Amino acid sequence: MAAKLTTIHSRFVPLNIENVDTDQIIPARFLKATTRDGFGKNLFRDWRYEQDDEAQPKADFILNQTQFSGAILVAAKNFGCGSSREHAAWAIADYGFRVVVSSFFADIFKNNALNNGLLPVTVTEDFLQQIFAQPADATLTVKLEQQTITIDSTGQSQAFEINAYKKTCLLNGYDDIDYLLSIKQDIMDYEKTKA
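Rules and cut-offs
- Residues numbered from 1 in each chain as written.
- Predicted model: local features only at pLDDT ≥ 70, side-chain atom pairs only at ≥ 80, totals over all residues.
- Heavy atoms only, no water.
- Helix = DSSP H or I, 4+ residues; strand = E, 2+ residues; numbered from the N terminus.
- Buried < 20%, exposed > 50% of the residue type's maximum accessible area, 1.4 Å probe, protein only.
- Contact = heavy atoms within 4.5 Å.
- Areas by Shrake-Rupley, 256 points an atom, 1.4 Å probe, with all protein chains shown as cover.
- Lys, Arg positive; Asp, Glu negative; His and termini not counted.
- Charge placed at Lys NZ, Arg CZ, Asp CG, Glu CD.
- Phe/Tyr/Trp six-rings, centres within 6.5 Å; stacked < 30°, edge-to-face > 60°.
- Pairing = 2+ DSSP bridges.
- Axes fitted to C-alpha atoms, helices over the stretch in contact; angles between N-to-C directions.
- Core = buried A, V, L, I, M, F, W, Y, C linked by side-chain atoms within 4.5 Å.
- Polar contact = N/O pair within 3.5 Å; in protein donor to acceptor, adjacent residues only side chain to side chain.

## Quick word on the overall build of the protein chain
Looking only at helices and strands, the protein chain features 8 helices and 9 strands. The principal-axis extents of the C-alpha atoms in the protein chain amount to approximately 65 × 45 × 25 Å. In the protein chain, buried positions account for 45% of the 195 residues. Within the protein chain, residue pairs in contact and separated by at least 24 positions form 62% of the contacts whose partners lie at least 6 positions apart. When the accessible surface of the protein chain is split by element, carbon and sulfur atoms take 49% of a total near 10,000 Å². If the 19 positive side-chain charges of the protein chain are averaged to one point and the 25 negative ones to another, these points end up 4 Å apart.

Here it is in structure tokens:
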């Protein structure tokens, strides 16, 4: 079982770049592992380091700027486009993000995120720009049960949509198998009525 996701109150990392594709999130050369662990160190690898050298971080890239931190990644529109690699969601989650906010997500990335305990929150472009306008120490509150995201300093809030099944899974820390096990007795009772 994954960690339950109910309310996330955190500072955020603003990645104000449009059309971030999955090869930028996790370059193809790092897709050799067969487990989900360890991908976070290569998140945005080509943007984070000079000539792929961890000893030479690019000072102007957002993940290398110490004033930005938190469990929420805020990205510009069309985040997660490109190839369908599930590793992109693995890398974001392994880095420590629990929520990704954007005005538009590629469908496959969105589904991969939900399947891996990462909450994609879609907001309007106007609300997204209000988040980007906040100072580095600003915080956001994401309440999954209520399906709201709030800019804490202004109190501005917006509702977001999520599939009811995926919401249940995130709230309980379930993957698909955990969910089936949670309703095992219901399934067995139903089967008895059909025997």
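Back to the text.
## Structural notes on the packing of aromatic side chains
Across all of its chains, the model carries 10 aromatic pairs by this definition. On the numbers, 5.7 Å between centres and 5° between planes, the contact of F44 with W47 is stacked. Its relative accessible area of 22% is what places W47 among the partly exposed residues. Aromatic rings pair up to connect F44, W47 and F61 into one cluster.

## Brief notes about unusual backbone geometry
A negative phi angle is the norm for most residues apart from glycine, just as the trans form is the norm for most peptide bonds. Backbone geometry at F44 places phi at a positive 55°, although glycine is not the residue there. Tracing the backbone shows F44 in the loop between α1 (22-25) and α2 (45-48). One non-glycine residue, N78, lies in the positive phi region at around 65°. Looking at the secondary structure, you find N78 in the loop between β4 (72-75) and α3 (87-95).

## Here's the deal with the sheet that holds strand β6 (residues 119-122)
Overall, mixed pairing links the 7 strands, which are arranged β6-β5-β4-β1-β7-β8-β9 in an open sheet. Single-partner strands in this sheet number two, and they are β6 and β9 (156-159). Taking each pair of neighbouring strands and ignoring which way they run, the sheet shows an average axis angle of 30°.

## Looking at the nonpolar core
Counting 29 residues, the largest nonpolar core has I25, F44, F79, I92 and F109 as the members making the most contacts within it. Of all elements in the fold, only β1 (7-15), β4, α3 and α4 (107-115) reach the threshold of two or more residues within this core. Top contributing element to this core by residue count: α3, with 5 residues. Counting residues in each nonpolar core, the second largest holds 27 residues, with V99, I131, A138 and L170 among its members.

## A look at the side chain of S103
When you line up the elements, S103 lands in the loop between β5 (99-102) and α4. A distance of 2.7 Å separates a polar atom in the side chain of S103 from a polar atom in the side chain of E125. Discounting residues that sit within four places of it in the chain, S103 has contacts with A75, K77, T122, V123, T124, E125 and L128.

In short, geometric facts, not functional conclusions.
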